[in-house]
Amino acid sequence: MNEEDSEQMALYLEGIGFSKADSILEAQVILLNTCSVRRKPEDKAFSMLGELEPLRWIKPDVIIGVCGCMAQVRADEIKRRAPHVNFVLGTGDLGQLPALVEEAAQNQKFQKRIELPERKGNIVEDVPQRHLGRASKIKSFVPIQYGCDKFCTFCIVPATRGRERSRPSVDIVQEVESLVQGGTREITLLGQTVNSYGKNLLEGRVPFSQLLQRLSEIPGLQRIRYTSPYPRDFREDLIETIRDCPKVMEHCHLPAQSGDDEMLKEMHRLYTVESYLEIVSKLRNAIPGLGLTTDIIVGFPGETEVQFENTLKLIDHVRFDGAYMFAYSIRPGTPAGDRKDQIPDKVKKQRLARLIELQNRITCEINESYVGRTLEVLVEGVSTKNPEMLQGYSREFKMVHFPGSPDRAGRLAQVHVTAGKQWGLSGQLI
């Protein structure tokens, strides 16, 4: 979602005559797009702001803005700790960016725009459409939903992005059609809980499965991905659509967060381990070879050793292809952040290390099992690790490296897998 926000901001600035600078020193406008999901990215943002302060002496007219989730919830602190910042812009006000930049160019007075939109109504007018003149991208993000109504006790998203709001389906379809005309071959639909898409639309309820079906009919679009679905909202019609629509990839990122029912309850996750496993079973039965990834938090307030062991049992039982694994990070203003039974950092780090070790072993074993198989890969271009190799993702969301000519970028390829490692797969073109 942050990458998508950054692209929107770039489009807004291009709309008033700006173009991308080659370096910070050459830039007239510098924007920090921030994240508040954990403390570490906030610390990095403040560190970067400190590094930018001397630039004000070199270029007094440079415009510095802080955008995104951290701007939404910590605007006053940003002003106090970084007085050289011209403005802060929250997540619900991206459409005001051009006016803020133009105002900052004339007036150095600190400005902030941090109002979250109301839940009712749609925000499609705040989402600039990609234009055909923009450089084509093989893969593009498309937002279908903003905000969240789940209110997990560890999560700051409702405070930073507001309540759940869906974009009208016709606008999403038109945007994807435009992207495909510009060269996009794969889209990833974005939302905090994408499978609850379609609420409060003037056109009436549009199930997420129906949106996938509409998008799959667009000529030239080869692949559809989505992130992230919420376990409780994973219904039969969606599973059937993933099974029956060839353009929808055989991969699902299904956040579990914990393998213990009491912890899930404390997190306000609206499902149990049993119901989560039932969804996993239905997905794997309907979609053989499904790539399955997840999110896990360890060290949530009050987590006992037994409860952590239950999470390890879930990982060992489900055998995810991969996982984003984190030690719980206190988010001010959230129910979990106010609890007194915080887990010591040393214990959280130890648990996280054990979890990572287990998941990495499983990932290696699963990837090694792909040796000898032939996979469909969308070629993205030259490998970032080896300039003599190409890279791309399989339908199951496996990164694959293989030798080949760079002119294959943007095309589908059949790759015979010859090795499986923790980071992904390698193979040969067929």
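Residues numbered from 1 in each chain as written. Predicted model: local features only at pLDDT ≥ 70, side-chain atom pairs only at ≥ 80, totals over all residues. Heavy atoms only, no water.

### Details of the environment of I242
Looking at where I242 falls in the secondary structure, it is placed in helix α9 (residues 236–244). Residues I242 and Q428, 186 residues apart in the sequence, show an inter-C-alpha distance of 28 Å. Not counting residues up to four positions away in its chain, the partners in contact with I242 are Y226, F234, V248, M249 and I287. (Helix = DSSP H or I, 4+ residues; strand = E, 2+ residues; numbered from the N terminus. Contact = heavy atoms within 4.5 Å.)

### Examining unusual backbone geometry
In the segment running from T227 into S228, the intervening peptide bond is cis, with an omega of -5 degrees. Mapped onto the elements of the fold, S228 is located in the loop between β9 (223–227) and α9. At Q257, a position not held by glycine, the phi torsion is positive, near 75 degrees. With respect to the secondary-structure elements, Q257 resides in the loop between β10 (251–253) and α10 (261–267). Even without glycine at this site, R319 takes up a positive phi of about 60 degrees. Here R319 is to be found in the loop between α12 (305–318) and β12 (322–327).

### Details of the packing of helix α1 (residues 2–15) against helix α5 (residues 97–106)
Following both chains from N to C, one finds α1 and α5 inclined at 55 degrees, their axes separated by 9 Å at the closest point. Classified by the angle their axes make, α1 and α5 are oblique. In the crossing of α1 with α5, the sense of the turn from one axis to the other is right-handed. Seen from α1, the contacting residues are M9, Y12 and L13; seen from α5, they are L97, P98 and V101. Its residues assigned to classes, the contact of α1 with α5 shows six nonpolar, no polar and no charged. (Axes fitted to C-alpha atoms, helices over the stretch in contact; angles between N-to-C directions. Parallel < 35°, antiparallel > 145°, perpendicular 65-115°, else oblique. Left-handed = near helix turned anticlockwise from the far one by under 90°. Nonpolar A, V, L, I, M, F, W, Y, C, P; charged D, E, K, R; others polar.)

### Some points on the layout of surface pockets
One number sums up the size of the second largest pocket: a volume of about 660 Å³. What lines the second largest pocket is a set of 19 residues, and nearest its centre among them are A10, L13, K20, A21 and V29. Going through the elements one at a time, α1 and β1 (29–34) are the ones with two or more residues in the lining of the second largest pocket. Tallying contributions element by element places α1 first for the lining of the second largest pocket, with six residues. For the lining of the second largest pocket, the per-class residue count stands at 10 nonpolar, five polar and four charged. (1 Å grid on protein atoms, 1.4 Å probe; cavity = no way out; pocket = protein on both sides within 12 Å on 5 of 7 lines; lining within 4 Å. Points joined across faces, edges and corners; volume = space filled by probe spheres on them.)

### Points about the packing of aromatic side chains
By convention here, two paired aromatic rings are described through the distance between centres and the angle between planes. Applying the stated rule across the entire model yields six aromatic pairs. Pairing F208 with Y226 gives two aromatic rings, centres 5.8 Å apart and planes at 75 degrees, and the pair type is edge-to-face. Taken together, the residues F208 in helix α8 (residues 208–216) and Y226 in strand β9 connect sequence positions 18 residues apart. Taken individually, F208 and Y226 each receive the classification buried, so the pair is uniform in this respect. Between Y276 and F320, the ring centres sit 6.5 Å apart and the planes meet at 55 degrees, which makes this aromatic pair tilted. Highlighted residues: Y276 in helix α11 (residues 273–286) and F320 in the loop between α12 and β12, separated in sequence by 44 residues. Classification of F320 as buried rests on a relative accessible area of 0%. Ring pairing ties together the aromatic residues Y230, Y271, Y276 and F320, which thus form one cluster. (Phe/Tyr/Trp six-rings, centres within 6.5 Å; stacked < 30°, edge-to-face > 60°. Buried < 20%, exposed > 50% of the residue type's maximum accessible area, 1.4 Å probe, protein only.)

### Regarding the nonpolar core
Generally speaking, soluble globular proteins have nonpolar side chains that are buried together. Residues L189, F208, L215 and F234 are the most contacted members of the largest nonpolar core, which totals 66 residues. Not counting residues within four places of it along the chain, the set of residues in contact with L189 comprises V142, I144, V194, F208, L211, L212, L215, I224, R225, Y226 and T227. Within the second largest apolar cluster, 19 residues are counted, among which are A27, L55, I64 and M70. (Core = buried A, V, L, I, M, F, W, Y, C linked by side-chain atoms within 4.5 Å.)

### Topic: the sheet that holds strand β14 (residues 390–394)
With respect to topology, five strands assemble into a closed barrel ordered β13-β14-β15-β17-β16, the strand pairing being mixed. Direction aside, the axes of adjacent strands within the sheet are offset by 50 degrees on average. (Pairing = 2+ DSSP bridges.)

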